[in-house]
Amino acid sequence: MTTTTHQSQLETCIQNCLDCLRDCEYCASACLNSDMVKMMVQCIKLCQDCADTCTLCARFMSRNSALHAQMCSVCAEACDRCATECEKHNSEHCKRCAQSCRRCADSCRQMAKAMAA
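An account of the accompanying structure is given in this report. Given the structure is predicted, the values throughout are model-derived calculations rather than measurements.

### Overview of the overall build of the chain
Right, so step 1: Looking only at helices and strands, the chain features four helices and zero strands.
Right, so step 2: When the elements of the chain are put in sequence order from the N terminus, they spell out α-α-α-α.
Right, so step 3: For 117 residues, the compact-globule estimate of 2.2 N^0.38 gives 13 Å, and the chain sits close to it at 14 Å.
Right, so step 4: The principal-axis extents of the C-alpha atoms in the chain amount to approximately 50 × 20 × 15 Å.
Right, so step 5: For the chain, with 117 residues in total, the buried portion stands at 47%.

Shown next, in the form of C-alpha cells:
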C-alpha cells in the first residue's frame, strides 16, 4: 500500500471514528432522556462502550501507535455490537447511530487488515 493511500485510509477511518463517537453519545443521551429509559439500558451501555472505543481508536491512529491495528479490531467489534442493538429500535437517533457504527466498523476492519498486510 502506498503511503498516500494509507494516509487517506487512515484519515477516513479517524473521521469515521469521530462521527461514530458523536452519534453514539447523542444516541445514549437521547435514550437516557426517553420515557422508556429502562428498556434502553443495553442500548445506552453499548453506545457508551462504542463511543469510548472510537475515541481511543482515533487517538491511537492519530499518533500512529504501533497498537492501532489491534485497536481498530476492537473498535470494529464495539461498533458491530452497538449497531446490532440500535437496529432493534425505531427512533431516528438509533437508526443514525447504527448506520454510523456500521460505517466505522467497516473502516476499522479495513484499517486493521491493511496494517496486518
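Okay, back to it.
### Here we look at the pattern of salt bridges
Right, so step 1: Within the structure shown, the criterion is met by 10 salt bridges.
Right, so step 2: Two residues, R22 and D23, come together in a salt bridge whose shortest N-O distance is 3.4 Å.
Right, so step 3: Its relative accessible area of 5% is what places D23 among the buried residues.
Right, so step 4: Note that E77 is salt-bridged to R81, the shortest N-O span being 2.7 Å.

### Overview of the packing of helix α1 (residues 3–32) against helix α4 (residues 92–116)
Right, so step 1: Where α1 meets α4, the axes come as close as 8 Å, and the angle between the chain directions of the two elements is 150 degrees. It follows from the interaxial angle that α1 and α4 lie roughly antiparallel. In the crossing of α1 with α4, the sense of the turn from one axis to the other is left-handed.
Right, so step 2: Partitioned by chemical class, the residues of the contact of α1 with α4 number 17 nonpolar, eight polar and four charged.

### Quick look at the packing of helix α3 (residues 68–86) against α4
Right, so step 1: One can describe the packing of α3 onto α4 by two numbers: an axis separation of 7 Å at closest approach and a directional angle of 155 degrees. Of the possible angle classes, the one that applies to α3 and α4 is roughly antiparallel. At the point where α3 passes α4, the crossing takes the left-handed sense. Taking contact as the criterion, the partners of H68, A69, C72, S73, C75, A76, C79, D80, C82, A83, T84 and C86 in α3 are, on α4, C94, C97, A98, C101, R102, C104, A105, C108, R109, M111, A112 and M115.

### Quick notes on the side chain of H68
Right, so step 1: Mapped onto the secondary structure, H68 falls in helix α3.
Right, so step 2: For H68, a relative accessible area of 1% translates into the label buried.
Right, so step 3: Among the polar contacts made by the side chain of H68, one reaches the main-chain carbonyl oxygen of S65 at a distance of 2.9 Å.
Right, so step 4: Those residues in contact with H68, other than ones at most four positions away along the chain, are L10, F60, M61, M111 and M115.

Criteria and cut-off values
Residues numbered from 1 in each chain as written. Predicted model: local features only at pLDDT ≥ 70, side-chain atom pairs only at ≥ 80, totals over all residues. Heavy atoms only, no water. Helix = DSSP H or I, 4+ residues; strand = E, 2+ residues; numbered from the N terminus. Rg over C-alpha atoms; globule rule 2.2 N^0.38 Å. Buried < 20%, exposed > 50% of the residue type's maximum accessible area, 1.4 Å probe, protein only. Salt bridge = Lys/Arg side-chain N within 4 Å of Asp/Glu carboxyl O. Axes fitted to C-alpha atoms, helices over the stretch in contact; angles between N-to-C directions. Parallel < 35°, antiparallel > 145°, perpendicular 65-115°, else oblique. Left-handed = near helix turned anticlockwise from the far one by under 90°. Nonpolar A, V, L, I, M, F, W, Y, C, P; charged D, E, K, R; others polar. Contact = heavy atoms within 4.5 Å. Polar contact = N/O pair within 3.5 Å; in protein donor to acceptor, adjacent residues only side chain to side chain.

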